[in-house]
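Examination of the molecular architecture
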Amino acid sequence: MTTVEAVCLGESMAVLLPDRPGPLEAVESFHSRVGGAESNVACALAGLGVPTAWLSRVGADGFGRRLLAALATHGVDTSAVALDPHRPTGLYVKEVGSAGPHPHDLGPGQSRLHYYRTGSAAAALGPELLAEPAVAALLAGARLLHLSGITAALSDSCLALVRALLAAPRAGRLVSFDLNWRPALWQHRDPAVLPALLDAADLVLLGADEAAAALGTGDPDELRALLPSPATVLVKDAGRLVTAIDADGRRVSEPALRVEVVEPTGAGDAFAAGYLAGTLRGFDQRRRLRLGHLAAAAALTSAGDQGTLPPPDLVAALLGATEAQWAATRVHPAGVETPVGGAG
């Protein structure tokens, strides 16, 4: 088995996207994709040159096989993913509002995700996963393990697995934890478990709005006080600014780039991957944040969840740009406008 630097663990699902806006009962057909926060991070890390594996379970069904094939095309190691012959791959369906007269239409600019993941293969994950030789080998060689609050909400056994991973000896391995607040998943579960999980990680990523909903505050200093143990707490302010606060209170804030958005899905996961890749490369805090913003911008200007970074020389120039040069940079689907190194 190839040694990987990063391991991302969590559920991914088949995704059905409507061929037209309107309530589901009025949609004639859908097209299929795959999606999942942790697998998005895995794909983005692999795209950034970090050898990465994804750990999970999928059903022994067509959706599961498609999901594994999709991750493989992004260079993600799925060799330790279990196929479950008894439980299905999770599924979600996207509904998009329109200006039509239907009484159940969400309305223009509105969308909703309908999840069908109860009893899925991934919901059956548990601490026994860690005894699997292939899983143990991946974790033993990894420099980074990435988790999220989504997994903790899937089932009692998934929560037990997350707790076991956070409690396990790390031997120099960094554990990152993205809150990834999903209110629907926590409706029948107790989110009071989240602060202890987050505080047991080395690096925590939080959106200010989701932290306010899940933890009672979106203020970076209050969140840092609530989570005293991680080496770094990152608070993302709705695509405008990300603030990283180290354990000693030192803080670095970096504004997001101005982006012509094509599709917002996957931008948060791309930011996480960029920041984590910068961490593994030993970048300073500002360069880590900038690489996260660049990865997010690439995702925002792509029709899919995954984007492509500008050429390496332009990325390097932007990571070292002055504040004024960074602020003057614009990212479009066709490339990058910047006073640093010309257009990308």
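Residues numbered from 1 in each chain as written. Predicted model: local features only at pLDDT ≥ 70, side-chain atom pairs only at ≥ 80, totals over all residues. Heavy atoms only, no water.

With respect to the helices and strands, Ser120 occurs in the loop between β8 (111-116) and α3 (133-141). Overall, Ser120 belongs to the buried group, its relative accessible area being 1%. For Ser120, the side chain forms a polar contact with the side chain of Glu11, separated by 2.7 Å. Residues contacting Ser120, with those up to four places away along its chain left out, are Glu11, Arg87, Pro88 and Gly90. (Helix = DSSP H or I, 4+ residues; strand = E, 2+ residues; numbered from the N terminus. Buried < 20%, exposed > 50% of the residue type's maximum accessible area, 1.4 Å probe, protein only. Polar contact = N/O pair within 3.5 Å; in protein donor to acceptor, adjacent residues only side chain to side chain. Contact = heavy atoms within 4.5 Å.)

Before going further, it helps to spend a moment on the sheet that holds strand β17 (residues 335-337). With mixed pairing, the 3 strands of this open sheet are ordered in space as β15-β16-β17. Lying at the two open borders of the sheet, with one neighbouring strand each, are β15 (258-259) and β17. (Pairing = 2+ DSSP bridges.)

The next point concerns the pattern of salt bridges. In the structure shown here, the tally under the stated rule is 13 salt bridges. For Arg287, the salt bridge identified is with Asp284, shortest N-O distance 3.1 Å. The exposure class assigned to Arg287 is partly exposed, which follows from its relative accessible area of 33%. On the accessibility criterion, Asp284 (39% relative accessible area) is partly exposed. (Salt bridge = Lys/Arg side-chain N within 4 Å of Asp/Glu carboxyl O.)

Looking at where Ala6 falls in the secondary structure, it is placed in strand β1 (residues 6-9). Accessibility expressed as a relative area gives 0% for Ala6, which makes it buried. In sequence terms Ala6 and Arg173 are 167 residues apart; their C-alpha atoms lie 9.3 Å from each other.

Attention now goes to the packing of aromatic side chains. On inspection of all chains with the given rule, the structure shows 3 aromatic pairs. Ring geometry for Trp181 versus Trp186: centroids 6.1 Å apart, planes at 15°, classification stacked. Since its relative accessible area comes to 6%, Trp186 is described here as buried. Taking 6.4 Å as the distance between ring centres and 20° as the angle between the ring planes, the aromatic pair formed by Phe271 and Tyr275 counts as stacked. (Phe/Tyr/Trp six-rings, centres within 6.5 Å; stacked < 30°, edge-to-face > 60°.)

Once that is clear, we can look at the packing of helix α10 (residues 285-300) against helix α11 (residues 312-319). Packing of α10 against α11 brings their axes to within 9 Å, and their N-to-C directions diverge by 130°. Taken together, the axis directions place α10 and α11 in an arrangement best described as oblique. For the crossing formed where α10 meets α11, the hand is right-handed. Contacts between α10 and α11 involve Arg287, Arg290, Leu291 and Leu294 on the former and, on the latter, Val315, Leu318 and Leu319. When grouped by side-chain class, the residues that make up the contact of α10 with α11 number 5 nonpolar, no polar and 2 charged. (Axes fitted to C-alpha atoms, helices over the stretch in contact; angles between N-to-C directions. Parallel < 35°, antiparallel > 145°, perpendicular 65-115°, else oblique. Left-handed = near helix turned anticlockwise from the far one by under 90°. Nonpolar A, V, L, I, M, F, W, Y, C, P; charged D, E, K, R; others polar.)

Our focus in this paragraph is the sheet that holds strand β14 (residues 251-255). The strand order across the open sheet built from 8 strands is β4-β1-β9-β10-β11-β12-β13-β14, with neighbouring strands paired in mixed fashion. Across the chains shown, the open sheet's two edge strands, defined by having one partner strand only, are β4 (52-55) and β14. Neighbour-to-neighbour, the strand axes of this sheet turn through a mean angle of 15°, independent of strand direction. Bridge analysis of strand β11 (residues 203-207) against strand β12 (residues 232-237) gives 5 bridges, and the strand direction is parallel.

Our next topic: α11. Looking only at α11, the buried set comprises Leu314, Val315, Leu318 and Leu319. Along the long axis of α11, the arc covered by the buried residues comes to 135°, so they all point the same way. Residues of α11 that are exposed and point more than 90 degrees away from the buried face comprise Pro312 and Asp313. The inward-facing, buried residues of α11 abut α10, α12 (323-327) and β17. (Arc of directions from axis to C-beta.)

The next thing to look at is the pairing of β4. Burial of the side chains of β4 extends over both faces: Thr52 and Trp54 are buried on one face and Ala53 and Leu55 on the other. Pairing analysis gives 4 bridges linking β1 to β4, with the strands arranged parallel. The residue bridging Val7 from the neighbouring strand is Ala53, located in β4.

Now for the environment of Tyr92. Within the secondary structure layout, Tyr92 lies in strand β7 (residues 91-96). When the C-alpha positions of Tyr92 and Val34 are compared, they lie 9.3 Å apart, and in sequence the two are 58 residues distant. In this view, Tyr92 contacts Met13, Ala14, Val15, Leu16, Leu113, His114 and Tyr115; residues no more than four positions away in its chain are not counted.

This brings us to helix α2 (residues 62-73). For α2, spanning 12 residues, the distance from its first C-alpha to its last is 17 Å, which sits close to the expected 16 Å at 1.5 Å a residue. Inspection of α2 places Gly64, Leu67, Leu68 and Leu71 among the buried residues, and these make up the whole buried set. In an axial view of α2, the angular spread of the buried residues amounts to 95°, which keeps them on one side of the axis. Across α2 from its buried face, at more than 90 degrees, point the exposed residues Arg65 and Thr73. Phi turns positive one or two residues past the end of α2, at Gly75, with a value near 85°. (Expected span 1.5 Å × (residues − 1).)

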